[in-house]
Structure formats: structure tokens, C-alpha cells
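Structural characterization, general
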Amino acid sequence: AGADAAEVEAAEARVLCLTDFLAFEGADRMEALDEELRDLVARHYTAAAALTELPSVAPSDAAQWEQFLACAVLGCAALTSCLKERIDLWFVDAFLELLEATYPTSALLEGVHWAEAEEVLRRHQVTGGLDPRERKRLFGEHCERLRQRAGGAR
């Protein structure tokens, strides 16, 4: 029973309330919303952004209900922005691991151009989560790191 309580407590420590995401400072939360939702949130932004928990209101109180909806929408937009950023970071990390596994040394990169590397790397699903320009940029940075590493080893 003690282990179960500890597991529940540990899980609760990792679970965030919707309003916890209001503090997320990544991408602009408002960009995750369509025009109608942006208008709703804009009318209540100051109150919504400062919340620590969603208020308990009934739909029969139109003014309070609209503010509640604006708060919930802003929290969901912040959650969406946070998750998108985390997923994007995961794809970058996974692609960097793929580069390291495929081309761990500068010797293996000797004479390899981006088009050839792209053809080899595209066989892995992880590359589909990144824009081709981002993959090319990360490949160039990987090549540079390997050159520096090889130059320092001499």
C-alpha cells in the first residue's frame, strides 16, 4: 500500500493542471488559436493569464462563463504550444542521434554531400518530423562538429 501511495504521489507531481501551462513561455499561445478564439481570449486575456486554477461557474452566468471559456481556451492553447515545442525538440534530438549513429566520424563523412546523406537518412521515419532545411542545417552542424573533433584529436 505504501508503494502504491508513493506511485500516486509521484504521478501527481508530474501531472500539471491546465492553468499551469499559462506560465509556458514558448511559442505565442495566441498563434495556436483561430480568429474567433483569439477575439474571445483577447477580451479576457489579463484575467485568464493570471489564473492559477479555473473558476467554478455555471453557463447561466453569461459573463463569468465567457471568462471561464477564455481561460480554458488560453490554457489549451498554451498546452498545445508546449506539446508542439516538446515534440519538435524530440524530433531534433532523434535526428541528431541518427546522424551520430550513421556518421559517427569525419572519415565516414569524407566526400559525402548533403543530397547523398539525405537519401540515406530519409529511410528513417524520424526525418519526416523535420523540415528539409532544418535537416540540412543540422547535418551541416554535425559535419562541422566532427571536423572540429577530428582536428582536436591530432
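Residues numbered from 1 in each chain as written. Predicted model: local features only at pLDDT ≥ 70, side-chain atom pairs only at ≥ 80, totals over all residues. Heavy atoms only, no water.

1. Overview of the side chain of Arg135
Within the element layout of this structure, Arg135 appears in helix 6 (residues 132–153). According to the relative accessible area criterion, Arg135 is buried, its value standing at 3%. Within the structure, the side chain of Arg135 is placed 2.9 Å from the backbone oxygen of Thr127, a separation counted as a polar contact. If near-sequence neighbours (up to four positions away) are discounted, Arg135 is found in contact with Phe95, Trp114, Glu118, Arg122, Thr127 and Leu130. (Helix = DSSP H or I, 4+ residues; strand = E, 2+ residues; numbered from the N terminus. Buried < 20%, exposed > 50% of the residue type's maximum accessible area, 1.4 Å probe, protein only. Polar contact = N/O pair within 3.5 Å; in protein donor to acceptor, adjacent residues only side chain to side chain. Contact = heavy atoms within 4.5 Å.)

2. Description of the nonpolar core
Within the largest apolar cluster, 18 residues are counted, with the highest numbers of intra-cluster contacts made by Phe95, Tyr103, Leu109, Ala117, Leu121 and Phe139. Those elements giving two or more residues to this core turn out to be helix 3 (62–102), helix 5 (114–121) and helix 6. With six residues, the single largest contributor to this core is helix 3. Apart from residues lying up to four places away in sequence, Leu121 is in contact with Phe95, Leu98, Leu99, Thr102, Tyr103, Trp114 and Thr127. Leu33, Leu40, Ala70 and Cys71 belong to the second-largest nonpolar core, a separate cluster that totals eleven residues. (Core = buried A, V, L, I, M, F, W, Y, C linked by side-chain atoms within 4.5 Å.)

3. Quick word on helix 5
What sets the pattern is the α-helix's 3.6 residues per turn: residues three or four places apart point alike. Within the sequence span of helix 5, burial applies to Trp114, Ala117, Glu118 and Leu121. Along the axis of helix 5, the buried positions cluster into a sector of 105 degrees, meaning they face one direction only. The exposed residues of helix 5 that point more than 90 degrees off its buried face are Ala115 and Glu119. (Arc of directions from axis to C-beta.)

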